[in-house]
Every structure is written in structure tokens, then in C-alpha cells.
Amino acid sequence: MADPAFPRPLRRRRLAILLAALAAVTALASWGAYFWAEAEARAALILNGDQRLGLYASSIRNAVGRYDYLPFLMARDHEVLDLLNAPSDLRRDAVNRRLETANAAAGSAALYVVDRSGLALASSNWADPAQSFVGHTYDFRPYFRQAVEAGSGRYFGIGVTTGLPGFFLSHAVRLGERLIGVAVVKIDLEPLQRDWAAGGERVLVTDENGIVFLSSHADWKYRALRPLPDAVKARLALTRQYDRSDPTPLGLHDAPVAENGARRISLPDPLSPGARRAYLMQELSLPEFGWTIRFLSELEPVKAQAAGAAVLTAMGILLLVAALALGWQRRQTLRLQREARVTLERRVEERTAELVTANRVLREAQEELVQAGKLAALGQMSAALAHEINQPLAAIRTFVASTRLLAERGETAMVRDNLAMIGDLAERMSMLSGHLKEFARKGPARVEAVPVARAMDRALSLLVPRLREEEVRVEQAIPPDARVRGDAVRLEQVFVNLLRNAADAMAGCEDRRLTLTAARNAGGWEIRIRDTGTGIAEAHQFQLFDPFFTTKEVGQGLGLGLSLSYGIVRDFGGMLRAENNVDGGACFVIQLPDA
Ligand code: ADP
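All values derive from a computational prediction rather than experimental measurement.

### Details of the sheet that holds strand S17 (residues 575-580)
On the basis of which strands lie adjacent, the open sheet formed by 5 strands has the order S13-S15-S16-S18-S17 and mixed pairing. Every other strand in the sheet has two partners, leaving strand S13 (473-477) and S17 as the edge strands with one partner each. The mean angle between the axes of side-by-side strands here comes to 15°, regardless of whether they run parallel or antiparallel. Inspection of the sheet shows strand S15 (residues 513-521) paired to strand S16 (residues 524-530) by 7 bridges, in the antiparallel sense. From the neighbouring strand, Thr515 faces S16, where its bridge partner is Arg530. In the packing of helix H11 (residues 488-505) onto the sheet, contacts are made with S15, S16, S17 and strand S18 (586-592), and the angle to S18 comes to roughly 170°. Strands in contact with helix H12 (residues 561-571) are S17 and S18; relative to S17, the strand with the most contacts, it is inclined by about 135°.

### With respect to the site of the ligand
Not every one of the 19 residues close to the ligand is listed here, only the nearest: Asn501, Asp531, Thr550, Thr551 and Lys552. Within the side chain of Asp531, a nitrogen or oxygen atom sits 2.8 Å from a nitrogen atom of the ligand. Here Thr551 contributes a side-chain N or O atom positioned 2.3 Å from an oxygen atom of the ligand. Protein contact buries 92% of the 530 Å² of open area that the ligand shows by itself. Breaking the shell around the ligand down by element, the ones donating at least two residues are H11, H12 and S18.

### Here we look at empty space enclosed by the protein
In the structure shown here, the tally under the stated rule is 1 cavity of 30 Å³ or more. Taken as a whole, the largest cavity holds about 50 Å³ of empty space. Grouping the constituent residues of the lining of the largest cavity by class yields 6 nonpolar, 3 polar and 2 charged.

### Some details on the packing of helix H10 (residues 452-469) against H11
Two numbers describe how H10 lies on H11: the axes approach to 9 Å, and their chain directions differ by 40°. It follows that H10 is oblique to H11 by the angle criterion. In the packing of H10 onto H11, the handedness of the crossing is right-handed. Mapping the contact onto sequence places Val452, Ala455, Met456, Arg458, Ala459, Leu460, Leu462, Leu463, Arg466 and Leu467 in H10 and Leu491, Glu492, Phe495, Val496, Leu499, Arg500, Ala503 and Asp504 in H11. Considered class by class, the residues forming the contact of H10 with H11 number 13 nonpolar, no polar and 5 charged.

### What about unusual backbone geometry?
The general pattern is negative phi for most residues beyond glycine and trans for most peptide bonds. Despite not being glycine, Tyr222 has its phi angle at roughly 55°, a positive value. Within the element layout of this structure, Tyr222 appears in the loop between strand S7 (212-215) and helix H7 (230-239). Of the residues examined, Tyr222 reaches a relative accessible area of 10% and is grouped as buried.

### What to know about the environment of Ser272
In this fold, Ser272 is placed in the loop between strand S9 (262-268) and strand S10 (276-286). Classification of Ser272 as partly exposed rests on a relative accessible area of 30%. For the pair formed by Ser272 and Gln337, sequence separation is 65 residues and the distance between their alpha carbons is 66 Å. At 3.4 Å, the side chain of Ser272 forms a polar contact with the side chain of Asp269.

### A word on H7
Quick reminder: α-helices carry 3.6 residues per turn. Residues three or four places apart thus point the same way. Of the residues making up H7, those classed as buried are Val232, Leu236 and Thr239. The arc that holds the buried residues of H7, viewed along the axis, is 75°, so those residues lie on one side. Those residues of H7 that are exposed and aimed more than 90 degrees away from the buried face are Asp230, Ala231 and Leu238. At its buried positions, H7 is contacted by helix H5 (142-150) and strand S3 (152-158). Where H7 terminates, the next one or two residues include Arg240, which has phi positive at roughly 50°.

### Looking at the UniProt feature "transmembrane region" (unreviewed entry) in the protein
Using the residue numbers shown here, the UniProt feature "transmembrane region" (unreviewed entry) corresponds to residues 306-328. Here residues 306-328 is 100% helix and 0% strand, with 33 Å between the C-alpha atoms at its ends.

### Overview of the side chain of Asp115
Within the secondary structure layout, Asp115 lies in strand S1 (residues 110-115). We note that Asp115 is buried and unpaired, the nearest opposite charge coming from Arg116 at a distance of 7.5 Å. With residues up to four places along the chain from it excluded, the contact list for Asp115 reads Leu84, Leu121, Phe144, Ile180 and Gly181.

### Thoughts on the nonpolar core
The tendency in soluble globular proteins is for nonpolar side chains to be buried side by side. With 48 residues, the main nonpolar core has Ile60, Val113, Phe156, Phe167, Leu189, Trp291 and Ile293 as its most contacted residues. If we skip the residues at most four places from it in the chain, Phe167 touches Val64, Arg154, Tyr155, Phe156, Val185, Lys186, Ile187, Leu189, Phe289 and Trp291. Of all hydrophobic cores here, the second largest spans 41 residues; its members include Met456, Ala459, Leu544 and Ala586.

### Focus: the pattern of salt bridges
All told, the structure shown has 32 salt bridges when counted by the stated rule. Here Arg202 and Glu298 are joined by a salt bridge, their closest N and O atoms 3.4 Å apart. Residue Arg202 is found in strand S6 (residues 202-206), and its partner Glu298 is found in strand S11 (residues 291-298); the two are separated by 96 residues along the sequence. Given a relative accessible area of 22%, Glu298 falls into the partly exposed group.

### Overview of the environment of Ile478
Tracing the backbone through its elements, the reader meets Ile478 in the loop between S13 and strand S14 (483-486). Separated by 49 residues in the primary sequence, Ile478 and Ile527 have C-alpha atoms spaced 8.3 Å apart. Contacts of Ile478, omitting those with residues within four sequence positions, involve Val452, Ala453, Met456, Leu516, Thr517 and Ala518.

Reading the values: rules and limits
Residues numbered from 1 in each chain as written. Predicted model: local features only at pLDDT ≥ 70, side-chain atom pairs only at ≥ 80, totals over all residues. Heavy atoms only, no water. Pairing = 2+ DSSP bridges. Helix = DSSP H or I, 4+ residues; strand = E, 2+ residues; numbered from the N terminus. Axes fitted to C-alpha atoms, helices over the stretch in contact; angles between N-to-C directions. Contact = heavy atoms within 4.5 Å. Near = heavy atom within 4 Å. Polar contact = N/O pair within 3.5 Å; in protein donor to acceptor, adjacent residues only side chain to side chain. Areas by Shrake-Rupley, 256 points an atom, 1.4 Å probe, with all protein chains shown as cover. 1 Å grid on protein atoms, 1.4 Å probe; cavity = no way out; pocket = protein on both sides within 12 Å on 5 of 7 lines; lining within 4 Å. Points joined across faces, edges and corners; volume = space filled by probe spheres on them. Nonpolar A, V, L, I, M, F, W, Y, C, P; charged D, E, K, R; others polar. Parallel < 35°, antiparallel > 145°, perpendicular 65-115°, else oblique. Left-handed = near helix turned anticlockwise from the far one by under 90°. Buried < 20%, exposed > 50% of the residue type's maximum accessible area, 1.4 Å probe, protein only. Arc of directions from axis to C-beta. UniProt positions renumbered as here; feature names shortened; annotations may be inferred. Lys, Arg positive; Asp, Glu negative; His and termini not counted. Salt bridge = Lys/Arg side-chain N within 4 Å of Asp/Glu carboxyl O. Core = buried A, V, L, I, M, F, W, Y, C linked by side-chain atoms within 4.5 Å.

Written as C-alpha cells, this is what we have:
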């Protein structure tokens, strides 16, 4: 589509600018969509993380809270008090069994009592020599110290005897004001972690030193988020909290800025060594335990979602632009088509108007010509008619006058002669009007098979007196089977006209000879009437067949004979033409269809 307002290079430049702008807009929108979608997805992730953290916190609180009262109850149990106050084998036995039953009923990991020096006197697992706490000293464990110093304690650690992790709740046992021992319950938190792991989520709980002790992922457990200071390491060695002094760091890298309590971090990817995985980390502290729950969300889906949004946006923009371009092109095409149609319609209207004008001019010219021709023909005809009629009229008048005289004198014989002469003259005038009537006639009367030789004989017989008088030799060679389509009377009339013209042309010539022939050809029959007369002057060649064309004296010819004959032959579906003979004279050729 050529836009005449913009030459080609300009249009190309305009297109380049348009494409660049489109690319820029698409890139910008995609970029915006990416960040918007990422922010949305991250907000959703954070919301989910907050909810999960709340859930985990309450699950921990529930797990611990269920056993909270146990050490308190044990510290008030008379048998426990008795044992701690005055230990004996009998009392120890009784307390052992009592603790064993209570532990089974409560579902805790272990119940035990230690005396004020930290020595375990009785325990729920007394019956299992490999596991039994009885006889072991736990004075170095923080929960013992906390109970001694503050009345109660809580502590997470790996059992020094069993090697199994657990949460320890302790309560001081007092007789009056006197501290006589500590009652302890050990709670197994492993089932809690198993639930977390089954949920497929990433959760870890750290203590006040940043050491992971509960986690949905076993390989993160007992590892420090960050490298530990030496003091902490020394304390760990002392308390044997995790049964090792130097937990290996997790290798966590975190971004300094947190948004809505969430922080981007990365951890070494366990599946591909050397690589790191990005997470969003949210935290919730449990102040009553001094712990922090951390929830990790994978960032890959967020990025994928954002990238999807960016691609969708780009595609949307490109589709929109494509649709707009298509619409524009369609409108442009329609506009061009409309313009072309309008132009075409206007041209057609112009041409039509021109044609109408030309037609009118032609018709006017034609009418003028016809009028002029009519006038000329009328002029010629009236001159000829006046002459033709005046002569016999004058003669008739003279004859009438002389006849009147002769009648008065009673010369009857001469009157009869005169009347015969008047009759002849009248006859001649009627013939003249007959000619004119014939000229006005249109179309063939009827069409029949006409034997050419017979029609020619009849025509000759009409002219015999004249031909004989003028000593014209007639040579006729028309085959008897020459039959043409036409009307016998009218064909005879044509022959009479042509024969009479030939006689006229030969009037002043030495040699007077008429040759009449007919020969078969492709179109039918060719009839020739050949004379030895004056021939046709070159100047007259094209006028011969015009009505009223004559070279004869006024009164000798009307100039209608050839014109009439031409019309008759044409009516029969034939042709009439004239030519000059090489040895002088003219030849009229009639071509007629075979009958
Ligand atoms: P008219 O005989 O009344 O003049 P025609 O139409 O028959 O009218 O002939 C027209 C003219 O054609 C004649 O005046 C004559 O000049 C010319 N013409 C016709 N026949 C012959 C002929 N055989 N030889 C020479 N001239 C001819």
C-alpha cells in the first residue's frame, strides 16, 4: 500500500522507529509485570509462611504444654518426697514403678527424679539397664541447675545416657523450704518433626545460640546457622547439650534487608554440591523457650511465576499490536477500495456523459445531413419530375387544343389519332409515377427460384424494338440450369434497367455488342451484362448507384435505375457491381445465391 504522503525511505524510517518503540514498550511492560507478579507471589508466600509459623508455634507449645504439669505433680508426690528425703531401696522401687506407670499413661519419653546433688534416684526406665537413668549424675545439665536456682527449668538436649534428643522440663522438689531434689520429664519431639517432614515443608527451630535442633530436614539438625563464638562452644562442651562441642555451620547466606519479616537467604544445594538454593526465610520467636522457628519458602516458583507473567504480558502486547495492525490494514484496504470505486464510478459517469454528448452531436449532425440530403434529393427529383411531367403535359395541352379544332371540323380520324397520342403521353406519365412508387417500396415481395435465362429473355423481349432499330448484337450464353433465389418480375426489372443503360451507353458507338453470361461460383451464380459502350468514367465510379445520379440529359434519365436495381439485388441477398472492360465498355456483374 503506497502512502503518497511518505516517500519510501521515510516510511522505512518511520517503521523502524515504530518497531523500536514497540520493543521498548514491550520490554518495559514485561519488566513491570515481572516485578509486579514477583511481589504478588512473594506477598502470598509471606502470608502463607506467617500462617505456617503460627501453626508450628502452637504445635510446639501444645507438645510441650501437655507435659508441663508433670514435674510439678511429681514434686508434690508423697512417695517422691519420701524417697528424696530419706532414700531406701524399698522407696526407690516403689517410685520407679510409680514413674513407669505414669510415664506410660502420659506418653512422655521419661520421668525421673534426682536428688539435690544431681544423682538420679528413680526413673520410669529403671527396668532397662542400657537406658536407665538411675545412678547417673545430671548436675551439669542446665535443667537441673535452673530448677535448683529458679524452681523450674526447661531445656532441649541430647540425652547423655540414651543418646536420644528430648525436651526436659524440671521442677524443684522441696520439703518445706528445703530443696531435696528435682523432678524431670523428658519429652520426645521427634514425632513433631516427622509430621513437618511429611508436609514437605522446610522448618527449623533454633535455640538461643542459633543451633538447629528441630527440623523437617534431618541433615540440618544440630548445625549452626552461622559459625559459633568460642565461649558458646566451651559452654556446649560443658553441658553436652548436643553431645558434640562444635556443630558444623549450615553455610547460610542472608540478605541484610528483611521485608515483612521475611529475608532472602541461600543455602548449599544438597543435590548439587557447590550450588546454592535461594529461599525466603521467615521467623517467629518463642520467647518462653528462647527458641526461634524459621520457615523457608522456595523462591524458584516465585521467579517462574514472575517470568510467566512477563512472557504473558509481552505476548499480550504483541497480540494487541498485531490485532491493531491488522485492523488498521483492513481499514486502509477498505479505504483504498472505496476510493478506487469512487474514482471508477466518476470516470464511468464522465465517459457516459461524453458519450451522451457525442451521441447527441452525431445525431444532430446526422439529422442535418439527412435533412440536407433530403433537400438535395428533393431538389433533384423535383427538377427531373417537373421536366418529365411538363413535357408530356405541354404536349397533351397542344394535342387537346388541336383535337378540339379537329373535332369541330368533324375530322374524326385525326381526332382518334390525337387521342391515341394523348393516351400514350398519359401512359408515360403513369410509368413515371410507377417508377417513383417502386423506389419507395421496401423489402422483397417474395423469394422463389428464378431461371436466369427466362428472366433475361423476357427483359430482352421488352427491348427488342429498340435493339433491333439500333442494330445491337446480342450474344447470350446463360446455362438453362442457372436458377437463382429472388422474384422473377423484379429480377426482369433489374435486367431491363441494365440492358437499357447498356443500349444508352452504346448509342454513339461504332461497335454495339451485348454479351450476356452466367457462371456458377462459390456464392451461387454470377451474371454478367457486358457492353461495348462508353464505359464508366473514373469520377463517377462511386456515384453510379446513388439515387438521382445520372449523366444523361434532363428528360432522358432520372438516375434511379441503378439505385433501384442495387436495392432489389441486395434484397435477394446478392450483390451488384460495375467494372470497365479492358477492351472498352462497361460490365455489370450480378451475384445471386443459387436457388
Ligand atoms: P439513368 O439511366 O436514368 O441515368 P441509372 O441509375 O440507370 O440512371 O444510371 C446512372 C448513370 O450510370 C447513367 O447516367 C450513366 O452515366 C451511368 N451508366 C449506367 N449504365 C452504364 C453503362 N452500361 N455504361 C456506361 N455508363 C453507364
